[in-house]
Every structure is written in structure tokens, then in C-alpha cells.
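Here is how the chains run, residue by residue.
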Amino acid sequence: MADLRINLTGIPSPNPFWLASAPPTNTGYQVQRAFEAGWGGAVWKTLGDPIINTSSRFAAVHFNGQRVAGFNNIELITDRPLEVNLKEIYETKKRFPNHAVVVSLMVEPKREKWHEIVKKVEAVGVDGLELNFGCPHGMAERGMGSASGQQPDLVEMQTMWAKEAAQTPVIVKLTPNITDITVVARHAVMGGADAVSLINTINSLAGVDIHTWNTVPHVGGKGAHGGYCGPAVKPIALSMVAECAKDPKVSVPISGIGGISSWQDTVEFMLMGATNVQICTAAMHHGFRIVEEMIDGLNNYLDDKGIAKVTDLIGQTVPKYSTWGELDLNYQVVARINAETCINCNKCHIACEDTSHQCIDRLTDANGKAYLKVREEDCVGCNLCAIVCPVDGVIDMVEVQGTHAPMTWNDRQKALARKNSESSEMEAV
Amino acid sequence: MSAYEEFAREKRAVDALLQDGFVIVGTSEELEGMELRFRKRLAGSTESPEPVYAKLLLLTADARKYVSNLIFSEQQKKQA
């Protein structure tokens, strides 16, 4: 059994699986049940001036038979009074002293408002605070959530105000609804953030009902944009985590959020620099007990790899994540089709012929049997055929040894510039 | 024509000039492709003491990469 304990900027947790601030962490009843199921921590649903929600709040995007590929919500922060939440937070922490209880906060961008709520929340014994600068709907119209999070100066200032009053670690939750998330992350760090968490939800409209012409979801015939999450957003979240992890100015731990649905997703986020993960949609889809499978899977993975502690995963892939200009132009892979297992469905041929580089030939052997063959000299190694192939293992992307040493685009540009410069000097002489 | 054959044709043109004693002295990249400028100095020749110039326009990505590799590796060797 590997050691699954993590410590996010001074907040210890028995495992890296935390529930994200969202409907699953609305009450003490829910969070305590989650801890009983095995979750290592929870970020309490955002506290602030209690709001009033609409009816009809969630929508999902199902794709080709997969339920909840993406999830959209227009629910806002807590609709319960602060004192009610604080009482339940206190009781929860008392009952589960070794679990991480972090509380999400959102107030107007005023110094005294931040001081007030930080002091009140910390007084009940929380392990940390998460500043919600991410929610894209509803609260943003009132100048909070992502409306704050899209303004780096405002993030920095509010983080500073929270830190002035805080005794526990302050995590700043970032919005992905911005061009470059590292800018806001850096400002959070300048404001004194002890960690950043990302991503919050992405602006979205789940759909339009083509029969009623209503939005999905709609509230009495009217809709508004919501926040998108679930498996569909994982690649976006992973990329943003990676960007922050490799930025030396974002020099604080990262809590990864966004479409994490399995122990494998968790490993990916940790390899890419996250100290732990926060999960919501998977729990909403499958219930709290999904964490059992995640814990078992992570344990087995670490044991199989001979890794004693889960924290040894953190950031291992970050050095491998660079810029396009640093990729080797001479690295070459080509597709190889296994004629023994190929079912001749022709999908690779169609994909290559119609939308890629026209290098898969449909041929007939001496016995009149059709088969597919890649002209390797024309294959650019785009992977499309392997992606569309419906049978695992039929198409392998095989590395071919080239005759040239590695050369990146940046190497190339420097070499050409140098060559042209030498030539100019010669001509000048 | 296959992409490889297009590349091979351009590579042959580059190699032919190099084998003929030309050296690459400059490149420029435009919307039309990569223009390569070659020069051959006929040292010892009484008929043509002045350098001889040649140009090639490379269209394929692989040929442009091939030439880049030649220039890059030549510079790497000089540095070594």
C-alpha cells in the first residue's frame, strides 16, 4: 500500500481526492457522508451573501451514448445563511479532524468584506480558504466570481485583503475564461496566495431545443450562460494546470480541477504539477462512492510502479511540457496497419484520403482479398488513422530512425539566421 | 504525385548543385516557399574567375527541412 497522503500548502489530507466547491459540498450532511465514503478533503460550497437560485439549473451534454460528457450549471453560491454553514463546518471538522476542510469564499471586492468573512470562517476551525474568482454566471453579473477573476489587479488586491486577515492557507481559484491563465495566477501569487486551484467552469450554453427553441436549460422560457465542466473540459484544464506548473512565477502549489473522473485522470494532473485534485461532476454523476475505485486504482498504480508515495508523482511530466518551437522536427513516426487483425472497415483510408495526407492505399492481394497498406514514405505520422480505427491495436504508430540529429524549429530559425548573416558579411567584404 | 516524390525531386535538385561544387550562401522564406541561394567559386579557373550563382525555390516542407538540417548540422560540426 502506497502512502496516499498529501499536503497542499500546509493543509494535510489522507489522500489527494477532494470534493470541489459545488453542489456536493453544500451541507454538513453531504460533506460528512463524503468523508465516510473515503474523500480526503472537501472545499465547502462558496459562502457569501446568501443568494436565491432559479429552478432548472443543470444540463448535460451526452455524446454518442456517453452520458454526461459535459455538464453545465447555472446554480450560484450558497443560498443558506452564513451561521448555518459555519455551524455545520464546525461539526464536520470536529467529527473528521484529519480530513481537509477548506471553505470557498466570495464577497464583493471590498477590503472590510474580505476581512469579515475570513475571520468568521476561520473561527470555526477550517483548514484553509479558497477564494472563488471563477464562477462565470450570476455572481459575475454582480462584479464577483469570474468578473473579479478576469482582472489580474483585482485578484491580487483581493488576495492581499484575504491574506491580511487569514491565519490559514489561502488558495485562489482561477477562471479559465481568460486568454492567459498564468497572468492571473501570477497576480494571485503577488497578492500572497499560498496555492492556486484551477480551473473553474467555462462559459457555456449546453444547447438549444430545436423543437421549442428554448435554451437548455431554460427558466420559464429564458436562458443564461452557465459554467461548463465534466470530462469534456479535462484537456483544457490539464493544459492550464501545465501552463501554471511550468511558469516559475507561479511558484505555489496547484490544486487541479476540471473533468477529473478517475484515478487515471488524477495521476495525469499530479504528473502535470497538481498536488491534489478536486472533483465534482464525477461525484454528481456516480455518487460519493466513486472515490473507492479511485483510491484502489491509485494505490494499485503506485504499487505496480514501485512508487512509495503519491507525492512522488507531482510535476514529473512538467519538464517534458515545452513550447512548439522546442519540439524536434526530425522525430518521425509512421502508421503501420496489422493486416492480420484489420477488419477492413476502410475508416483509416477514408480519413486519410479525405482529411489528411492520402497515404493509405486500398489494395487487393493475389487471392483477391482487399487490404489496407500505408505508404510509409508519404506518411507524416499525424495519428488520424489510429485515432479513427475502431479496433485497438490494429494500427501502430511506429518511430522510424532518421538520418539527422534532433533539430527544433528554434534551432532551425537560428541556423538560417546565422547562415544569412554570414552571407551578408561575406558580401560586405 | 506522392508527397515523397515531390520532396525527392527537390532534394535531388539541391544535392545536384551541392555535388557540383555550389554551397548554400543564403535563404529567404516567402509565401511561395523557400528560396535558396547558392554560389560556386571557380578557384583556379582562368575562364571564369568570378563566382557563379544559382537559385532554387523549394516548395515542399520536407525539402525545406532537409536544407535546414544541412545548414544546422554544418554549423554544429563547425562548433564541435
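Quantities reported herein were computed from a predicted structural model and do not represent experimental measurements. (Residues numbered from 1 in each chain as written. Chains lettered and ligands numbered in written order. Predicted model: local features only at pLDDT ≥ 70, side-chain atom pairs only at ≥ 80, totals over all residues.)

Moving on, we get to unusual backbone geometry. Note: most peptide bonds trans; most residues except glycine with negative phi. All names here are of chain A. A cis amide bond, omega 10°, links Leu 198 with the succeeding residue Ile 199. Following the sequence through the fold, Ile 199 ends up in the loop between strand 10 (195-198) and strand 11 (202-204). That bond from Val 216 to Pro 217 is cis: its omega, -5°, falls within 30 degrees of zero. By secondary structure assignment, the location of Pro 217 is in the loop between strand 13 (215-216) and strand 14 (226-229). Residue Thr 9 is not a glycine yet carries a positive backbone phi of 45°. Classification of Thr 9 by C-beta neighbours within 10 Å gives partly exposed; the count is 18. Notably, Val 68 is not glycine yet its phi reads approximately 55°, a positive angle. Note on placement: Val 68 falls in strand 6 (residues 66-73). (Helix = DSSP H or I, 4+ residues; strand = E, 2+ residues; numbered from the N terminus. Buried ≥ 20, exposed ≤ 12 C-beta atoms within 10 Å, placed from the backbone.)

Moving on to the domain arrangement of chain A. With domains assigned, chain A is organised as domain 1 (6-315) and domain 2 (324-399). Each of domain 1 of chain A and domain 2 of chain A has a C-alpha centre, and these two points are 41 Å apart. (Domains from an automatic or database assignment.)

What follows deals with the environment of A:Arg111. Mapping A:Arg111 onto the fold places it in helix 3 (residues 111-122). In this structure, the C-alpha to C-alpha distance between A:Arg111 and A:Ala162, residues 51 residues apart in sequence, is 7.9 Å.

With that settled, the discussion passes to the confidence of the model for chain B. Looking at chain B as a whole, its pLDDT mean stands at 91, while 89% of the residues score no less than 70. Confidence metrics for the complex model read pTM 0.94 and ipTM 0.93. (pLDDT = per-residue confidence, 0-100.)

Before going further, it helps to spend a moment on the packing of helix 8 (residues 263-271) of chain A against helix 10 (residues 290-305) of chain A. All names here are of chain A. Packing of helix 8 against helix 10 brings their axes to within 8 Å, and their N-to-C directions diverge by 60°. Here helix 10 runs oblique to helix 8, going by the angle between their axes. Within the contact between the two elements, helix 8 uses Trp 263, Thr 266 and Val 267 and helix 10 uses Met 294, Gly 297, Leu 298 and Tyr 301. Counted by class, the contact of helix 8 with helix 10 contains five nonpolar, two polar and no charged residues. (Axes fitted to C-alpha atoms, helices over the stretch in contact; angles between N-to-C directions. Parallel < 35°, antiparallel > 145°, perpendicular 65-115°, else oblique. Contact = placed C-beta atoms within 7 Å. Nonpolar A, V, L, I, M, F, W, Y, C, P; charged D, E, K, R; others polar.)

What follows covers the sheet that holds strand 5 (residues 58-63) of chain A. Residue and element names in this part refer to chain A. The antiparallel open sheet is built from four strands, whose spatial order is 5-6-14-11. Two strands lie at the open edges of the sheet, namely strand 5 and strand 11, each paired on one side alone. Going across the sheet, the axis of each strand differs from the next one's by a mean of 45°, ignoring polarity. Where strand 6 lies against strand 14, three bridges are found, and the strand directions are antiparallel. Counted as the bridge partner of Asn 73 is Gly 227 from strand 14. (Pairing = 2+ DSSP bridges.)

Right, let's talk about helix 10 of chain A for a bit. Residues and elements named next belong to chain A. Taking 1.5 Å per residue as the helical rise, helix 10 with its 16 residues ought to reach 22 Å, and the 23 Å between its terminal C-alpha atoms agrees with that figure. Here helix 10 has its buried residues at Val 291, Met 294, Ile 295, Leu 298 and Leu 302. Down the axis of helix 10, the buried side of the element spans an arc of 95°, and every buried residue falls inside it. Facing away from the buried surface of helix 10 by more than 90 degrees, the exposed residues are Glu 292, Asp 296, Asp 303 and Asp 304. In this structure, the buried residues of helix 10 make contact with strand 3 (17-19), helix 1 (28-37) and helix 8. Gly 306, located one to two residues past helix 10, shows a positive phi value of around 70°. (Expected span 1.5 Å × (residues − 1). Arc of directions from axis to C-beta.)

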